Amino acid sequence: SSMTITFTEEHGTQWSVLVTDIDTGEVLLSQTPDRVLDTASVGKIFLLHKLLTEVDAGTRSLEEMVTRRPVEHMDESGIWHLLQTSTLPLYDIAAFIGAFSDNAATNTLCRVLGLPAVQQHTINLGYTESAHDDEVRWPIPPGKPPTLSHANATELVRFVSRLALEQDLSPASSDLLQRWLGAGMDLSMVASAFNLDPLAHYAFDRDVWLWNKTGTISNVRADLGLVMGRERRIVYAVVANWESGADGRDAALATMREVGT
């Protein structure tokens, strides 16, 4: 059964939305899915994917210890800026990105992998409308990309599907990336409909198992992920952008919850 949802356009809100059944390919919901929008932290998935591709190739170890540089320090989102240690294994740095969308960890991993290499990897995977654009900077200096990442729902759904179906990474790395994202603590958007425990939901709870990645800035809400029941797996990507300075947050979040419902 297809859904009927009214996507708010107040405050100039634009949407890129796609929801599909991963096993049948059935499109359950679609709203300008090819529209490219600002996706804030969502592009960090390409960083993690590149890391695990190098692990699969044998050119990188997750046990490698890396020290955060002072210029890589960023406050929220994240947890590393609150911790005493400045040296962590790449595994932990990646886990921080999956669980907390950690900005300091993102900047450190960006330096280790090289942003141009991450961007080329993303293109090599066939994503032409989506990318991780820069390290996390605030405020954004003139001459730097205005977005941390951009994407459309079509490509984000493809990413989630290929990850779940183990089509680009090894089974072990595919599992690991889903576990890192399964620790994600932001269930404020599409995922809010399920009333899961935000601190622990990577397993069945009332027959719902979910992993996701979100992106948030003042005029952006983005959420992509996989929702599994006992019999069915649903892939979703929902991105909302509204006019800078306008308060489109409540309407966007209400609509995203409705998609989850």
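Structural data are supplied above this passage.
Residues numbered from 1 in each chain as written. Predicted model: local features only at pLDDT ≥ 70, side-chain atom pairs only at ≥ 80, totals over all residues. Heavy atoms only, no water.

A. Just the packing of helix α2 (residues 90–100) against helix α3 (residues 103–113), in detail. Contact geometry for α2 and α3: axes closest at 9 Å, N-to-C directions at 130°. Here α2 lies oblique to α3, going by the angle between them. When the axes of α2 and α3 are compared, the crossing they make is left-handed. Between α2 and α3, the contacting residues are Leu90, Ile93, Phe96 and Ile97 on the first element and Ala105, Thr106, Thr108, Leu109 and Val112 on the second. Here the contact of α2 with α3 is built from residues that sort into seven nonpolar, two polar and no charged. (Axes fitted to C-alpha atoms, helices over the stretch in contact; angles between N-to-C directions. Helix = DSSP H or I, 4+ residues; strand = E, 2+ residues; numbered from the N terminus. Parallel < 35°, antiparallel > 145°, perpendicular 65-115°, else oblique. Left-handed = near helix turned anticlockwise from the far one by under 90°. Contact = heavy atoms within 4.5 Å. Nonpolar A, V, L, I, M, F, W, Y, C, P; charged D, E, K, R; others polar.)

B. How the structure looks around the pattern of salt bridges. Scanning the entire structure with this criterion turns up twelve salt bridges. Two residues, Arg60 and Glu54, come together in a salt bridge whose shortest N-O distance is 2.8 Å. Here Arg60 falls in the buried class, since its relative accessible area comes to 18%. A relative accessible area of 9% places Glu54 in the buried class. Arg137 is paired through a salt bridge with Asp134; the nearest N and O atoms lie 2.7 Å apart. The class of Arg137 is partly exposed, set by a relative accessible area of 24%. The buried category is assigned to Asp134, whose relative accessible area is 6%. The network of salt bridges with common partners includes Lys50, Glu54, Arg60 and Glu64. (Salt bridge = Lys/Arg side-chain N within 4 Å of Asp/Glu carboxyl O. Buried < 20%, exposed > 50% of the residue type's maximum accessible area, 1.4 Å probe, protein only.)

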